[in-house]
Amino acid sequence: MSFKVLLYPQSLFYPLRLLKAQRFLEECLVLELLETKRRITQFFPELISKIRFINLLENLKVDKNKIENYRKELYAFAWEMKNIENLKLFQLHQKLFEESFSLNFIKEVPENIILTALLRLILAEDIDNHLLEVAFALKRFSKDWKKLVKEKILFSNEEEVDFKELSEIDREEIWDLEKRVEALKIILPNLVWEEEVQKFDTLLISEERVVEDLKEEVSIEKAFSLSKEVKLFLFNDPINKWLGLPVGERYPIFRQVLLVDSAIETLPKDA
C-alpha cells in the first residue's frame, strides 16, 4: 500500500521519525523554499527519487533576491536585539532605530501576507535544519563512541553504556506548529496546482496534534495501523477547508492523513 502525500506542515523530514513512512510513499510532495532542495539532497539523498518539489517562490512569482534580503535583515535585527541598549532604543524610539539600521522588512513585509507567510516558513525550516544537523551529529557520536568502548576500553562488557537518551531527539515536536499551519492556509490556496499534483490526496505528518485538530472539524471514517509506527486516518469529508484550500477542479482533494507515531525510536541506522 503506497500513497501520494504532501509533507505537512514542514518542508524537511524532521523529526526523523518521518523516515518510518518511507516504504508507504509512492510520491512525496515537498513545498520548496530557499534551501529546501539542497538540504534534502544533503540529508536524504535516498528519498530524492520519490520527491516532487513545488517551488513556492516561482509558483507565487515572488522575487527570490528580495525574500533572501528580508531573511538576512530579520537575522540581523534579531542579532541587534541581543544588545540590551538596542532593545531599549527600539522600544522607546522605533523611528530612530529604523533610521540607524536598514530594516526594510518592517515597513514592507507586514503589508504583504504572502511574504509574511513565506518568511515564517523559511525561518521554521532553518530551525528544522539546525535540529537535523544535531540529530545526525549525535547519531555519528553514538556510533563512534560505542565502537570505541567495544574496541579500546578494557572490561567494557562489565559496564554497558546507555544511549537511550539520544533517541529522545526524534521524539521532539516541530517548533511553531500553529504558525506554520496558519502560514500554509495563506500559501496553499494561492498556488497553481499542476494536473499531476492534483492527484495527491494524503498528508504526511509527524504531529498527532494535527489529527486532533482535524477531528474537531471533520469526523474520521476509518483508522488503520499500517505498521507499529505508522497510522492512516481516512476522513468522511475532504479536509481542504481546514488546510485553507478550496474544493474544486484546480486543487487536490485531501481526505487522508499518514501519521508517524512520536513514541517510536527512528534515528536512521546509517546516519
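Just above sits the structure.
Keep in mind the model is a prediction, meaning the values are calculated, not measured. (Residues numbered from 1 in each chain as written. Predicted model: local features only at pLDDT ≥ 70, side-chain atom pairs only at ≥ 80, totals over all residues. Heavy atoms only, no water.)

1. What to know about the overall build of the chain
Okay, step 1: Within the chain, the regular secondary structure consists of 10 helices and seven strands.
Okay, step 2: The buried share of the chain, taken over its 271 residues, is 46%.
Okay, step 3: In the chain, once contacts between residues fewer than 6 apart in sequence are set aside, the share between residues at least 24 apart is 71%.
Okay, step 4: Summing over all exposed atoms, the chain offers an accessible surface of approximately 15,200 Å²; the carbon and sulfur share of this is 50%. (Helix = DSSP H or I, 4+ residues; strand = E, 2+ residues; numbered from the N terminus. Buried < 20%, exposed > 50% of the residue type's maximum accessible area, 1.4 Å probe, protein only. Contact = heavy atoms within 4.5 Å. Areas by Shrake-Rupley, 256 points an atom, 1.4 Å probe, with all protein chains shown as cover.)

2. Here's the deal with the side chain of Thr-202
Okay, step 1: Within the element layout of this structure, Thr-202 appears in strand S4 (residues 202-205).
Okay, step 2: Side chain to side chain, Thr-202 and Asp-201 meet in a polar contact 2.9 Å long.
Okay, step 3: With near-sequence residues (within four places) excluded, Thr-202 lies in contact with Phe-3, Lys-4, Val-5, Leu-6, Phe-254, Gln-256, Val-257 and Leu-258. (Polar contact = N/O pair within 3.5 Å; in protein donor to acceptor, adjacent residues only side chain to side chain.)

3. So, helix H8 (residues 177-187)
Okay, step 1: Burial in H8 covers these residues: Leu-177, Arg-180, Val-181, Ala-183, Leu-184 and Ile-187. Buried residues of H8, viewed axially, fall in a sector of 165 degrees; they line one side. (Arc of directions from axis to C-beta.)

4. Section: the pattern of salt bridges
Okay, step 1: Taken as a whole and judged by the stated rule, the model has 17 salt bridges.
Okay, step 2: Here Lys-4 ties to Glu-26 by a salt bridge, and the two come within 3.6 Å at their closest N and O atoms. One end of the pair, Lys-4, is in strand S1 (residues 3-7); the other, Glu-26, is in strand S2 (residues 25-32), with 22 residues separating them in the sequence.
Okay, step 3: Overlapping salt bridges, with partners in common, bring together Glu-35, Arg-38, Arg-39, Arg-71, Glu-125 and Asp-126 in one network. (Salt bridge = Lys/Arg side-chain N within 4 Å of Asp/Glu carboxyl O.)

5. A look at the nonpolar core
Okay, step 1: Grouped together as the largest cluster of nonpolar side chains are 48 residues, with contacts concentrated most on Tyr-8, Leu-118 and Ile-187.
Okay, step 2: Ranked by residue count, the leading element in this core is helix H7 (residues 113-152), at seven residues.
Okay, step 3: Counting 27 residues, the second largest nonpolar core, distinct from the first, contains Leu-12, Tyr-14, Leu-16 and Leu-232. (Core = buried A, V, L, I, M, F, W, Y, C linked by side-chain atoms within 4.5 Å.)

6. Some remarks on empty space enclosed by the protein
Okay, step 1: Counted by the stated rule, this structure contains two cavities of 30 Å³ or more.
Okay, step 2: Approximately 80 Å³ is the volume attributed to the largest cavity.
Okay, step 3: Lining the largest cavity, in full, are Pro-9, Gln-10, Ser-11, Leu-31, Leu-33, Leu-56, Leu-121, Ala-124, Glu-125, Asp-128, Arg-180 and Leu-184.
Okay, step 4: For the lining of the largest cavity, the secondary structure elements donating two or more residues are H7 and H8.
Okay, step 5: Of the residues contributing to the lining of the largest cavity, the split by class is seven nonpolar, two polar and three charged. (1 Å grid on protein atoms, 1.4 Å probe; cavity = no way out; pocket = protein on both sides within 12 Å on 5 of 7 lines; lining within 4 Å. Points joined across faces, edges and corners; volume = space filled by probe spheres on them. Nonpolar A, V, L, I, M, F, W, Y, C, P; charged D, E, K, R; others polar.)

7. Notes on the pairing of strand S7 (residues 256-260)
Okay, step 1: With respect to burial, S7 is a largely interior element, five of its five residues being buried.
Okay, step 2: Note: S4 against S7, four bridges, orientation parallel. Bridge pairing links Thr-202 to Gln-256 in S7. (Pairing = 2+ DSSP bridges.)

8. A closer look at the sheet that holds strand S3 (residues 51-55)
Okay, step 1: Strands sit in the order S3-S2-S1-S4-S7-S6-S5 across an open sheet of seven strands; the sheet is mixed. Edge strands, defined here as strands with exactly one partner in the open sheet, are S3 and strand S5 (220-225). On average, each strand axis in the sheet is inclined to that of its neighbour by 25 degrees, with strand direction left out of account.
Okay, step 2: Pairing analysis gives four bridges linking S1 to S2, with the strands arranged parallel. Counted as the bridge partner of Phe-3 is Leu-25 from S2.
Okay, step 3: Contacts from helix H1 (residues 36-43) reach S2 and S3, with the element oriented near 135 degrees to S2. (Axes fitted to C-alpha atoms, helices over the stretch in contact; angles between N-to-C directions.)

9. Some thoughts on unusual backbone geometry
Most peptide bonds are trans, and most residues other than glycine sit at a negative phi.
Okay, step 1: A cis amide bond links Tyr-8 to the next residue, Pro-9, at an omega of -5 degrees.
Okay, step 2: Topologically, Pro-9 is positioned in the loop between S1 and S2.
Okay, step 3: Residue Pro-15 is reached from Tyr-14 by a cis peptide bond, and omega for that bond is 5 degrees.
Okay, step 4: When you line up the elements, Pro-15 lands in the loop between S1 and S2.
Okay, step 5: Residue Lys-61 is not a glycine yet carries a positive backbone phi of 55 degrees.
Okay, step 6: Residue placement: Lys-61 occurs in the loop between helix H2 (56-59) and helix H3 (64-80).
Okay, step 7: Not every positive phi belongs to a glycine, and Asp-176 is a case in point at roughly 55 degrees.
Okay, step 8: Position of Asp-176 among the secondary structure elements: in the loop between H7 and H8.

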